[in-house]
Amino acid sequence: MLELRPDTILTLAPQIVLHSIPDQEWYFAFNITTGDQFRLNRTSYWVLEQINGGVEYSTLMRSVLNIFEVPENQGSQDLKQLINKLIRQKIIRRQADAKKEDTVSKTRRRKAK
């Protein structure tokens, strides 16, 4: 599992678009670059909505524990597993990862000139 410090900021990957039809219980994340689609459950979709604008991991954890009324150990473990899965699938990323990508992109652009 990837390390998730309390001050880690999570963001939705820029190529990901969320869509839902709640009355039919359909929740999706679409990668508009690759065409991949991910069917989500309501809880995963809610987490992605919270992450969409960027959120600190500790804030997200508090929200999960308050909204879903789960024991702290269970909620913490479930959220860590979900976050790690979403990062591996490139649906979300840690803000530090975004900075690394920006640095790499700038370096490549300079070399290409």
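That block above? That's the structure.
Residues numbered from 1 in each chain as written. Predicted model: local features only at pLDDT ≥ 70, side-chain atom pairs only at ≥ 80, totals over all residues. Heavy atoms only, no water.

> What is the right way to look at the sheet that holds strand β1 (residues 9–12) in this model?
Sheet strands pair by backbone hydrogen bonding; their relative direction is either parallel or antiparallel. The sheet built from three strands is open, its strands ordered β5-β1-β6 with antiparallel pairing. Single-partner strands in this sheet number two, and they are β5 (55–56) and β6 (92–94). In this sheet, β5 lies alongside β1 in antiparallel orientation, the contact comprising two bridges. When the bridges of β5 are listed, Ile 9 appears paired with Glu 56. Packing of helix α1 (residues 42–51) onto the sheet brings it into contact with β1, β5 and β6, and relative to β1 it is tilted by some 105 degrees. (Pairing = 2+ DSSP bridges. Helix = DSSP H or I, 4+ residues; strand = E, 2+ residues; numbered from the N terminus. Contact = heavy atoms within 4.5 Å. Axes fitted to C-alpha atoms, helices over the stretch in contact; angles between N-to-C directions.)

> I tried to follow the packing of helix α2 (residues 57–68) against helix α3 (residues 72–88) on my own but got confused; where do I start?
The geometry of a pair of packed helices is captured by two quantities: the angle between their axes and the separation between those axes. At a minimum axis separation of 10 Å, α2 and α3 run at an interaxial angle of 125 degrees. Overall, the two elements α2 and α3 adopt an arrangement that is oblique. Here α2 and α3 pass one another in a crossing that is right-handed. Contacts between α2 and α3 involve Tyr 57, Leu 60, Met 61, Val 64 and Leu 65 on the former and, on the latter, Glu 72, Gly 75, Ser 76, Leu 79, Lys 80 and Ile 83. (Parallel < 35°, antiparallel > 145°, perpendicular 65-115°, else oblique. Left-handed = near helix turned anticlockwise from the far one by under 90°.)

So far we have only geometry, and geometry alone does not tell us how the molecule works.
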